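Topology and contacts: notes
Now for the letters of each chain:
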Amino acid sequence: MVYPAILEPNGVGGYTARFSDVPEAITEGATREEALANAADALEVALLGRMKDGQDIPPASKGETLVAIPAQAAAKLAFYQAFRASGLSRAALARKIDRDEAEVRRMLDPYHATKLINLDEAMHALGMRLVVSSEVA
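This is a predicted model, so every value here is computed, not measured.

Time to look at the domain arrangement of the protein chain. With domains assigned, the protein chain is organised as domain 1 (2-68) and domain 2 (71-126). Taken together, the contact pairs 12 residues of domain 1 with 11 residues of domain 2. Carbon and sulfur atoms supply 70% of the area buried between domain 1 and domain 2, which totals about 930 Å² over both sides. Our count for the contact surface shared by domain 1 and domain 2 stands at one salt bridge. Between R84 and D56 there is a salt bridge, with its nearest N and O atoms 2.4 Å apart. In this structure, the connection of domain 1 to domain 2 is made through four residue pairs in polar contact (both at pLDDT 80 or more).

Here's what the structure looks like:
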């Protein structure tokens, strides 16, 4: 979950950060660094909002100034996308992972703190795998 940000001077000494792929994610900062940090927060809120509303998560386009969301949110969104693509109901997925449907409902709640191991298990049941990577900040 890494999207290209568009950074522009805001006319009062700071910067505006926005995303063409996620137009509702827009923010500002007094410095370029602050604008990028705020952009990560705005992007996370916007994408989790789309998840909560049952909307599609747009693919990221190419760009130079890339902004990533936190790993936990990225894992949740990856699971949400895999679940939607599977065509399974929550009850059917619950049976596949031998869990209660309420647990699947919590896994699909963008604001519930689901353990990564549970998301990974569900991804495997959907024929996918959860991959985590790291890079120099």
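This paragraph deals with the packing of helix α1 (residues 32-52) against helix α2 (residues 71-86). Two elements in contact, α1 and α2, have axes whose closest approach is 11 Å; the angle formed by their N-to-C orientations is 30°. Judged by the angle between their axes, α1 and α2 are roughly parallel. The interaxial crossing formed by α1 with α2 has left-handed handedness. Residues E44, L47, L48, R50 and M51 of α1 lie in contact with α2, whose contacting residues are A73, K76, L77 and Y80.

Here we come to the layout of surface pockets. Estimates place the volume of the largest pocket at around 670 Å³. Taken together, 23 residues line the largest pocket, and the ones lying closest to its centre are M1, V2, A68, I69 and S133. Of all the secondary-structure elements, those providing two or more residues to the lining of the largest pocket are β5 (66-68), α2 and α5 (116-125). When residues of the lining of the largest pocket are assigned to their parent elements, the largest contribution, four residues, is made by α2. Residues that form the lining of the largest pocket fall into these classes: 19 nonpolar, two polar and two charged. Both of domain 1 (2-68) and domain 2 (71-126) provide at least three residues apiece to the lining of the largest pocket.

Cut-offs and rules
Residues numbered from 1 in each chain as written. Predicted model: local features only at pLDDT ≥ 70, side-chain atom pairs only at ≥ 80, totals over all residues. Heavy atoms only, no water. Domains from an automatic or database assignment. Contact = heavy atoms within 4.5 Å. Buried area = accessible area lost by both parts, 1.4 Å probe. Salt bridge = Lys/Arg side-chain N within 4 Å of Asp/Glu carboxyl O. Polar contact = N/O pair within 3.5 Å; in protein donor to acceptor, adjacent residues only side chain to side chain. Axes fitted to C-alpha atoms, helices over the stretch in contact; angles between N-to-C directions. Helix = DSSP H or I, 4+ residues; strand = E, 2+ residues; numbered from the N terminus. Parallel < 35°, antiparallel > 145°, perpendicular 65-115°, else oblique. Left-handed = near helix turned anticlockwise from the far one by under 90°. 1 Å grid on protein atoms, 1.4 Å probe; cavity = no way out; pocket = protein on both sides within 12 Å on 5 of 7 lines; lining within 4 Å. Points joined across faces, edges and corners; volume = space filled by probe spheres on them. Nonpolar A, V, L, I, M, F, W, Y, C, P; charged D, E, K, R; others polar.

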